[in-house]
Amino acid sequence: MVPVRNIVILTGAGVSAESGIDTFRSAGGLWERHRPEDVATPEAFARDPDLVLAFYDMRRAAIQEKQPNAAHEALARLDAAWPGELLIVTQNIDDLHERAGARRMLHMHGEHLNAWCRACDRRSRWLGPLLDRPPCPQCGAAALRPDVVWFGEMPYRMDEIQAALRRCDLFVSIGTSGAVYPAAGFVRDARDLGARTLELNLEPSQGSAWFHESRLGPATEVVPAWVDEMLGQ
Ligand code: NAD
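Predicted, not measured: the structure shown is a model, and the values here were computed from it. (Residues numbered from 1 in each chain as written. Predicted model: local features only at pLDDT ≥ 70, side-chain atom pairs only at ≥ 80, totals over all residues. Heavy atoms only, no water.)

1. Topic: empty space enclosed by the protein
- This structure, assessed with the given rule, holds two cavities of 30 Å³ or more.
- What the largest cavity holds in volume is close to 80 Å³.
- Together, 13 residues line the largest cavity, and Ser173, Gly178, Ala184, Val187 and Phe211 are the ones closest to its centre.
- For the lining of the largest cavity, the secondary structure elements donating two or more residues are strand S7 (170-174) and helix H8 (186-192).
- The residue makeup of the lining of the largest cavity, split by class, is seven nonpolar, five polar and one charged.
- In terms of lining, the second largest cavity is formed by Arg118, Leu130, Arg133, Pro134, Ala142, Ala143 and Leu144.
- Tallied by class, the residues present in the lining of the second largest cavity amount to five nonpolar, no polar and two charged. (1 Å grid on protein atoms, 1.4 Å probe; cavity = no way out; pocket = protein on both sides within 12 Å on 5 of 7 lines; lining within 4 Å. Points joined across faces, edges and corners; volume = space filled by probe spheres on them. Helix = DSSP H or I, 4+ residues; strand = E, 2+ residues; numbered from the N terminus. Nonpolar A, V, L, I, M, F, W, Y, C, P; charged D, E, K, R; others polar.)

Next comes the structure, spelled out in C-alpha cells:
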C-alpha cells in the first residue's frame, strides 16, 4: 500500500456525542424535538426569528458547559504530530476540536460562538444571547444572527476543502451520518481521485459502501485507537 502523507478528516455530530452534545439524527437527537425547517433554515428565521434565536441561544449556552472527549483529544494529538498535510473539516458548530488543541481545522457549517452581522457582513466572537437583539460590536446595527450555515445556504471554505481533497491520499470520516451534502459527497470525490477511504462511526453511515474500510464503535474508542496506529504507537 502507498504510504500515507496527506490526510483529510471529516467530522460530524457523532464525534461530540460523548461530550453530551446531541446529534441530529440519532435516537433522542435534536430533530426529534425540533424540525429542521422550524429552526435551521433562512425561511424559518424570516418567519419566526425569536424561535430561531432562542433555540441557538440555548445551544450556545449549553456547548460552553461541555468538554472535549478522547476523540477530540486524539485528533489534536494527530494534528500536532503528523508530518504531512492534515486538515480536519468539521460539520460541527461546537468548538470542541479547537478546545482540545486542534489547529489545522476549519468549520464548514459555521460556529455557534460567532455572530454574523447582516448589516456590515462582519463576524464577531459571541458567547451570550442574541434574542434581545444586541448591537453589532463592529457597526452598532441590531442585525446579528448565528454564524451557522442553515439548510439551503452555501457551506464555508469549499475551495480549500476541495483543494485538500485533491491532494489527500487518506480520507477519514468520523461520526457523520452521510445525510447532509456536500459533505456526504467528499468520500466519493476523494476516492475518485485515488485516496484510500476509512469510516469511523457508531453504525454504518448512508454512504458506507463508498469506504474501503469501516470501523464501528464509539468515537472515544475507535478514534484514539486509529490515531495510535497512524502515529505508530
Ligand atoms: P448526524 O446527527 O446526522 O449523524 C451523527 C452520526 O454520528 C450518526 O451516523 C451516528 O451513528 C454517529 N454517532 C452517534 N454517536 C456516536 C458516537 N458516540 N461515536 C461515533 N459516532 C456516533 O450528524 P452529522 O452527520 O454531523 O449531521 C450533519 C449536521 O448536524 C451538520 O450540519 C452539523 O452542523 C449538525 N450538528 C452539529 C452538532 C455539533 O456541533 N456538535 C450537533 C448536532 C448537529
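Structure shown, so let's carry the discussion forward.
2. Some points on the domain arrangement of the protein
- As far as domains go, the protein holds domain 1 (1-21 + 68-109 + 155-233) and domain 2 (22-65 + 112-148).
- Placing the centre of domain 1 and that of domain 2 at their C-alpha centroids yields a distance of 26 Å.
- Contacts between the two partners involve 14 residues from domain 1 and, on the opposite side, 15 residues from domain 2.
- When the buried area of domain 1 at its contact with domain 2 is split by residue, Ile21, Ile93 and Tyr156 rank highest and sum to 50% of it.
- Our count for the contact surface shared by domain 1 and domain 2 stands at zero salt bridges. (Domains from an automatic or database assignment. Contact = heavy atoms within 4.5 Å. Buried area = accessible area lost by both parts, 1.4 Å probe. Salt bridge = Lys/Arg side-chain N within 4 Å of Asp/Glu carboxyl O.)

3. Some thoughts on the sheet that holds strand S2 (residues 86-90)
- The six strands lie next to each other as S3-S2-S1-S7-S8-S9, forming an open sheet whose pairing is parallel. Strands with a single pairing partner mark the edges of an open sheet, and in this sheet they are strand S3 (105-107) and strand S9 (213-216). Direction aside, the axes of adjacent strands within the sheet are offset by 15 degrees on average.
- Here strand S1 (residues 7-11) pairs with S7 via five bridges, running parallel. The partner of Val8 across the bridge, within S7, is Phe171. (Pairing = 2+ DSSP bridges. Axes fitted to C-alpha atoms, helices over the stretch in contact; angles between N-to-C directions.)

4. Description of the packing of aromatic side chains
- Overall, the coordinates contain four aromatic pairs when judged by the stated rule.
- Summarising the aromatic geometry, the rings of Phe55 and Tyr56 are spaced 5.1 Å apart at their centres and angled 90 degrees between planes, so their arrangement reads as edge-to-face. Here the two residues Phe55 and Tyr56 agree in accessibility, since each one is buried.
- Taken together through their ring pairs, the aromatic side chains of Phe45, Phe55, Tyr56 and Trp150 make up a single cluster.
- Directly above the aromatic system of Trp116 lies the positively charged group of Arg123, at a separation of 4.6 Å from the ring centroid.
- Above the ring of Trp150, the side-chain terminus of Arg145 is found at 3.8 Å from the ring centroid. (Phe/Tyr/Trp six-rings, centres within 6.5 Å; stacked < 30°, edge-to-face > 60°. Buried < 20%, exposed > 50% of the residue type's maximum accessible area, 1.4 Å probe, protein only. Lys NZ or Arg CZ within 6 Å of the ring centre and 35° of its normal.)

5. Side note on the site of the ligand
- Close contacts around the ligand come from 28 residues, with Phe24, Gln91, Asp94, Thr176 and Ser177 the closest.
- In this structure, Gly175 approaches the ligand through a main-chain N or O atom, which is 3.2 Å from an oxygen atom.
- Computed on the free molecule, the ligand has an accessible area of 860 Å², of which 94% lies beneath the protein chains in the complex.
- The element that contributes the greatest number of residues to the shell around the ligand is helix H1 (residues 14-17), accounting for three residues.
- Along the lines of polarity and charge, the residues of the shell around the ligand split into nine nonpolar, 13 polar and six charged.
- Counting contributing residues, the shell around the ligand receives three or more from each of domain 1 (1-21 + 68-109 + 155-233) and domain 2 (22-65 + 112-148). (Near = heavy atom within 4 Å. Polar contact = N/O pair within 3.5 Å; in protein donor to acceptor, adjacent residues only side chain to side chain. Areas by Shrake-Rupley, 256 points an atom, 1.4 Å probe, with all protein chains shown as cover.)

6. Here we look at the pattern of salt bridges
- Tallied over the entire structure, the rule returns twelve salt bridges.
- The salt bridge involving Asp95 is made with Arg99; its shortest N-O contact spans 3.1 Å.
- Residue classification places Asp95 among the buried positions, given a relative accessible area of 9%.
- Linking Asp147 and Arg123 is a salt bridge whose minimum nitrogen-to-oxygen distance equals 3.2 Å. In this pair, Asp147 is assigned in strand S6 (residues 144-148) and Arg123 in strand S5 (residues 123-125), connecting sequence segments 24 residues apart.
- Classification of Asp147 by relative accessible area gives buried; the value is 3%.

7. A short note on the nonpolar core
- In terms of nonpolar packing, the biggest core is built from 24 residues, with Ile9, Val172, Val223 and Trp226 touching the most fellow members.
- If you list the elements that add at least two residues to this core, you get S1, helix H5 (70-81), S2, S7, strand S8 (196-201) and helix H9 (219-230).
- Counting residues per element, this core draws most heavily on H9, which supplies six residues.
- Setting aside residues up to four positions removed in sequence, Val172 forms contacts with Ile7, Val8, Ile9, Leu10, Leu198, Leu200 and Trp226. (Core = buried A, V, L, I, M, F, W, Y, C linked by side-chain atoms within 4.5 Å.)

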